[in-house]
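Spelled out from the first residue to the last, the chains are:
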Amino acid sequence: AQSVTQLGSHVSVSEGALVLLRCNYSSSVPPYLFWYVQYPNQGLQLLLKYTTGATLVKGINGFEAEFKKSETSFHLTKPSAHMSDAAEYFCAVSGLNTGGFKTIFGAGTRLFVKA
Amino acid sequence: DGGITQSPKYLFRKEGQNVTLSCEQNLNHDAMYWYRQDPGQGLRLIYYSQIVNDFQKGDIAEGYSVSREKKESFPLTVTSAQKNPTAFYLCASTPGTTNNEQFFGPGTRLTVL
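Treat the numbers as computed from the prediction; the structure is a model and nothing was measured.

Enquirer: How do you make sense of the overall build of chain A when you look at a structure like this?
Expert: Each helix and strand in chain A was counted, giving 0 helices and 11 strands. Listed N to C, the secondary structure of chain A is β-β-β-β-β-β-β-β-β-β-β in terms of helices and strands. Its C-alpha radius of gyration of 14 Å places chain A within 12% of the 13 Å reference for a compact globule of 115 residues. The dimensions of chain A, computed from C-alpha atoms along their principal axes, are 45 × 30 × 20 Å.

Enquirer: Sorry, what's going on with the sheet that holds strand β1 (residues 4–7) of chain B here?
Expert: Within a sheet, adjacent strands bond to each other through the backbone by hydrogen bonds, running parallel or antiparallel. Residue and element names in this part refer to chain B. Pairing within the open sheet is antiparallel, and its 4 strands lie in the order β1-β3-β8-β7. Pairing within the sheet leaves two strands with one partner each, and these edge strands are β1 and β7 (64–66). Neighbour-to-neighbour, the strand axes of the sheet open up by a mean angle of 20 degrees, direction not taken into account.

Enquirer: Any chance you could explain the nonpolar core here in plain terms?
Expert: A general trend in soluble globular proteins is that nonpolar side chains are found buried together. Of all hydrophobic cores here, the largest spans 26 residues; its most connected members are W35, L48, L76 and Y89 of chain A. Sequence-distant contacts of Y89 of chain A, that is, excluding residues within four places in its chain, are made with Q6, L21, W35, Y36, V37, L47, F63, L76, G108, T109 and L111 of chain A.

Enquirer: Which parts of the structure should I look at to understand the state of the cysteines?
Expert: A covalent bond between the sulfur atoms of two cysteines is referred to as a disulfide. Considering all chains together, one arrives at 2 disulfides over all chains under this definition. A sulfur-sulfur distance of 1.9 Å marks the disulfide that ties C23 of chain A to C91 of chain A. Since a negative S-S torsion denotes a left-handed disulfide, the C23 of chain A-C91 of chain A link at about -65 degrees is left-handed. With C23 of chain A in strand β3 (residues 19–26) and C91 of chain A in strand β9 (residues 87–94), this residue pair connects regions lying 68 residues apart in the sequence. Using a relative accessible area of 0% as the deciding quantity, one classes C91 of chain A as buried. At a sulfur-sulfur separation of 1.9 Å, the disulfide partner of C23 of chain B is C91 of chain B.

Enquirer: Sorry, what's going on with the sheet that holds strand β6 (residues 56–58) of chain A here?
Expert: All names here are of chain A. Read across the sheet, 5 strands follow the order β1-β3-β8-β7-β6 without closing on themselves; strand pairing throughout is antiparallel. Single-partner strands in this sheet number two, and they are β1 (3–7) and β6. Between one strand and the next, the sheet's axes are offset by a mean angle of 20 degrees, whatever the strand orientation. Where β3 lies against strand β8 (residues 73–78), 4 bridges are found, and the strand directions are antiparallel. Counted as the bridge partner of L21 is L76 from β8.

Thresholds, definitions, all that
- Residues numbered from 1 in each chain as written.
- Chains lettered and ligands numbered in written order.
- Predicted model: local features only at pLDDT ≥ 70, side-chain atom pairs only at ≥ 80, totals over all residues.
- Heavy atoms only, no water.
- Helix = DSSP H or I, 4+ residues; strand = E, 2+ residues; numbered from the N terminus.
- Rg over C-alpha atoms; globule rule 2.2 N^0.38 Å.
- Pairing = 2+ DSSP bridges.
- Axes fitted to C-alpha atoms, helices over the stretch in contact; angles between N-to-C directions.
- Core = buried A, V, L, I, M, F, W, Y, C linked by side-chain atoms within 4.5 Å.
- Buried < 20%, exposed > 50% of the residue type's maximum accessible area, 1.4 Å probe, protein only.
- Contact = heavy atoms within 4.5 Å.
- Disulfide = S-S within 2.5 Å.

In structure tokens:
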């Protein structure tokens, strides 16, 4: 079965600093990978996704993620944090092992941005 | 504008009562989902439906029920059998083909008094 692990339930960075949120997955077949963002008391919205092709994926709000099959990782980065990036971020995976229609979510990482 | 609506945004329930959470989408999506979100646990799948008049249990279906009589609607009933129903509930949809991104509604926060 597929699973998703997000390292660190809380990450704190200073405004302007690099943001790095870690995500590792387990899958016996190539997965489809997603990062979602959730602001307080709202639903999730898609930041970016990897399906096939280029392993470096660019998303909205200056975020990007790199699919590394050898490391089974899909870490999310942003070169310079902004106060508005403070939110909770979820890594997710779907694919044959999840039944295709189902998506498995990580536990989430809450990002704090200090002024 | 296309999207998913959930109502109400906040819901209070007394113990022993059933409540129904509404989820409507005008995206013409085939598949719809209900998730429960608790702090530090991510999203857990309650029920999902790939097509009208068909639905499957997710990982935590006990104490919940759903129906899918129309493509655009997927209401969730939280029954009195659900032992700890206080949580944030999210509805989502996808076009129906596999491995697509999920589109989420704004959520309903249910509190049992």
